[in-house]
Amino acid sequence: MKVFIYLSLILTMAVSTFAADVWKNFGRPYPVRSIIAYADGVLLATASGVRYVTPEIDVLFSTVTGMETSSFYALAQCDAGIFAISEYGLIAGWNMETLNWNIVNRSFVSNGVRIVQDRVIGYKNFLILAFEDRLAFFDTQSKRAVLTVNKVGKNSLLATPVQALSVHNDTLYVAVGTTLYKRYIDWDNIDQEIRLVDPETWIVEREGEIVHTIAWKGDSLKTFPIRGQWHWDKDGLLTTAVQDSSDIMVKGKTLLQEFLYYEGVSRIRWIGLSNTYAFLAGDYFLLGYDTKKKEFIDYTEYSTFPLDGTYEVRPKAGGGVIVASLEGKISHTVDYVWQYRAIAEEGYANASSALSNRMKVLAYLPPDRVFYHIWGRGFYLYSENGHKLIKNTALEKDRCFHGSSKEHPDFVVTAGSTVAPDSSGFITTASTNDGFDLIYVTKDGEFSCATNVGTFDFSGPVVATRIDGSSDWLVMVSGRNLASYETEGALEIFRVADPAKRGGRLEVLEHKVAYSAFKDTPVDMAYDAKGRYLWIVTKNQLEYWDLDKDSISTPYVVKGVVGTEYTSAEFDVLGNLWVGTTGQGVYRLTRKGVTQDTLIARQFSVRNGLLSDDVLDIAIDPVRGEAWFSHERGVTMYKRSDLRDVSATGKDSVKHDLIAYPNPFRLGEHRYITINNIGAKAVVSIYNRAGHLIRSFDENETKGGSVEWDGFSKRGNIAAPGVYWYVVKNSSGKKKGKFILIH
């Protein structure tokens, strides 16, 4: 229990570096790529970070804990300790005293070359890293690469990467192609091993067979043509795991339990032997096996996040978000706890179609309606935040919209849905081979269609707003030549009569098409209601449409953004435009002055706390003051005070009741204390019982109507336990309150 509390405190300090900005990652730690046993537990390198599991602890280390990336390919142990190696070679060291990770070296990352999965080994004070085009030797003492070779024997590693590695009695064994090479190395003077690149210095140990695993039984060399694990202990007892075979053995004992196998072959790829437990892992599977009690514990489920392959994210009324996955599952948050996984229809999912078409089909209507689409299947309407299905159009034949073609009348596709401007329902489309259909859906599941109204056959994201001074709606649709987002297209604009004034019928009054100079299809769109501009991201362009003009414009200057592939866009309460990208994280774009043509960018990446630099969708939650970003392996939450809409707490006064929570504030159990309802343009000061100022927050840190304190003084010291006073001041007055801090 002491270890768990201490670890929680470490993670608390890592997540909240200062009160105004908080990052959280939510992801499933799969697939597993490498494991290594440690003490009574096991460390696992995964696509979402490094997971540490013991019978008492289950924690995931990722970007919010200082890892700078979440995609790890290998774990290795040498005399200097345990190291985690990322997809592109970032090296982190495991601090066995604090149970945390420290970045050791970043030099390999700039090469942009991947590590061969699970092909890093440790020997003495060195790590030997197999990249896809080279073999690197890293000195953990000097924390630098001492030697790199791109050729082993006569084999170029650029043409044929390393398949297996091992070191035995100072001799390095490397399998490349159908040849197993060996070479003695003077490890104490490895930086002088310049002849390592000389093919004549390598000895061919075996030839004519593919080797994917090297093992040792004492001094006897064992090689295997498949990836797996064979380990003989000092007593000659074998521990082995080979995925897709029938062999699972722990210390000479064969395990035959049915749940370890699928259709007769092993689900296990690695076995890590700790002090008491054997940890059995597959790509998406983790079990603990008590070798004394002969009992299994299932650690497969990681409780903090229930989805794989997340794609779309939308804000919920009252705070939090709802998320759709590539698997066709839907989940939502209640105070950062993820709820029930709804499944649109068993056996159906958007999967790769969501990515190839940049689908934006998840829509949320307060208080609890959810609208969704499965590619080729139909539309789904839920209540209770996705818990209760109201309508599934795939089960209906009598419908007003078309399939994608006359030959496939039941194959229904769209890439966009949104909420109706009057919150009476939803607006979506259906692609056809004669111009797409425009569709209105009430919150009770009644459909009305304007068929074949699109100039283009295919459609993408949809945005809708009410026209000023009128009850009519303006519906803006991304028109596409093809289903893919990598095609030509334009912005289709419809003036639509309010269905409530047409007996629930959708009627198009006007229709026009706006083109940009690039003729790219819009990938996502965000409407700036204050400025009456629709901002558009195509694959490679940032554009905007003035509602009073006929054509689409491009900003003259976007400072800080170069060579970007865009994926998503959303506005915050201050009018900043957030855009997601592939490979560059997310940018917050701020207009310079009143013009739309000069934008200043601030970039956020895995170095800041993103789970991944590939951002698929964005949602801004103005209630809690949070930006949410979806990635293929999970979601990221970024909390900052200026994202919160303070309209409910007053513009410039402290007229609402102040509240501080949790009270008492238990440092180590709670990440921070929140002082809420402070109003805008406020200054907050925290004093100890003696009246000494401990921490203060100026107007720039209190823009969202609240402030969060992590328990540290302005000098970075942990505040002492006791009674504290907080004082809130602005132009309208001063109020104060108190709370208790407990260690």
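Going by the structure above, here's the rest.
What you see is a predicted model, and the numbers here were worked out from it, not measured in a lab.

On to the pairing of strand 57 (residues 617-621), then. Of all the 5 residues making up strand 57, 5 are buried; the element is thus mostly covered by neighbouring parts of the structure. Residues of strand 57 alternate between two faces, with Asp617, Ala619 and Asp621 on one and Ile618 and Ile620 on the opposite face, all of them buried. In this antiparallel pair of consecutive strands, strand 57 and strand 58 (residues 626-631), the connection spans 4 residues, and Gly625 shows a positive phi of 75°.

In this section: the sheet that holds strand 1 (residues 21-27). The 4 strands are arranged 1-59-58-57 in an open sheet whose pairing can be described as antiparallel. Whereas interior strands pair on both sides, the edge strands pair on one side only; in this sheet they are strand 1 and strand 57. Averaged over all adjacent pairs, the angle separating strand axes in this sheet is 15°, with direction ignored. Relative to strand 59 (residues 634-640), strand 58 runs antiparallel, the two sharing 6 bridges. Across the sheet, Trp628 pairs through a bridge with Met637, a residue of strand 59.

It is worth spelling out the side chain of Arg640 at this point. Tracing the sequence through the fold places Arg640 in strand 59. Looking at Arg640, its side chain comes within polar contact range of the side chain of Tyr638, at 2.7 Å. Side chain to side chain, Arg640 and Asp642 meet in a polar contact 2.7 Å long.

By size, the foremost hydrophobic cluster in this structure holds 25 residues, and its most contacted members are Ile128, Leu135, Phe137, Leu165, Leu172, Val174 and Trp187. Taken together, the elements giving at least two residues each to this core come down to strand 10 (115-123), strand 11 (126-131), strand 12 (135-139), strand 13 (144-149), strand 16 (164-168) and strand 17 (171-176). Excluding residues that lie within four positions of it along the chain, Val174 makes contacts with Leu135, Val152, Val162, Ala164, Leu165, Thr179, Leu180, Tyr181 and Trp202. Counting 23 residues, the second largest nonpolar core, distinct from the first, contains Met359, Val370, Tyr372 and Ala394.

This next bit is on the state of the cysteines. Going through the model one piece at a time under the given rule, you end up with 1 disulfide. The disulfide bridge from Cys400 ends at Cys449, spanning 1.9 Å between sulfur atoms. Judged by the sign of its S-S torsion, about 50°, the bond between Cys400 and Cys449 is right-handed. Taken together, the residues Cys400 in the loop between strand 40 (388-392) and strand 41 (417-419) and Cys449 in strand 44 (residues 447-450) connect sequence positions 49 residues apart. We classify Cys449 as buried; its relative accessible area is 17%.

Below, the discussion takes up the packing of aromatic side chains. The geometry of an aromatic ring pair is captured by two quantities: the separation of the ring centres and the angle between the planes. Scanning the model with the defined rule gives 42 aromatic pairs in all. Ring geometry for Trp578 against Phe604: centres 5.5 Å apart, planes inclined by 20°, an arrangement best described as stacked. Here the residue Trp578 occupies a position in strand 54 (residues 577-581), and Phe604 occupies one in strand 56 (residues 598-604), the gap between them amounting to 26 residues. A relative accessible area of 0% means that Trp578 is categorised as buried. The rings of Trp23, Trp578, Phe604, Phe629 and Tyr638 are connected pair by pair, giving a single aromatic cluster. Geometry around Tyr336 places Lys24 over its ring, the cationic atom sitting 4.9 Å from the centre.

Within the open sheet, the 4 strands sit side by side as 22-23-24-25. Their pairing is antiparallel. Here the strands that pair on one side only, and so sit at the sheet edges, are strand 22 (229-232) and strand 25 (253-254). Sheet analysis places strand 24 (residues 248-250) next to strand 25, joined by 2 bridges and oriented antiparallel. Following the sheet pairing, Met249 is matched in strand 25 by Thr254.

Scoring rules and cut-offs
- Residues numbered from 1 in each chain as written.
- Predicted model: local features only at pLDDT ≥ 70, side-chain atom pairs only at ≥ 80, totals over all residues.
- Heavy atoms only, no water.
- Buried < 20%, exposed > 50% of the residue type's maximum accessible area, 1.4 Å probe, protein only.
- Helix = DSSP H or I, 4+ residues; strand = E, 2+ residues; numbered from the N terminus.
- Pairing = 2+ DSSP bridges.
- Axes fitted to C-alpha atoms, helices over the stretch in contact; angles between N-to-C directions.
- Polar contact = N/O pair within 3.5 Å; in protein donor to acceptor, adjacent residues only side chain to side chain.
- Core = buried A, V, L, I, M, F, W, Y, C linked by side-chain atoms within 4.5 Å.
- Contact = heavy atoms within 4.5 Å.
- Disulfide = S-S within 2.5 Å.
- Phe/Tyr/Trp six-rings, centres within 6.5 Å; stacked < 30°, edge-to-face > 60°.
- Lys NZ or Arg CZ within 6 Å of the ring centre and 35° of its normal.

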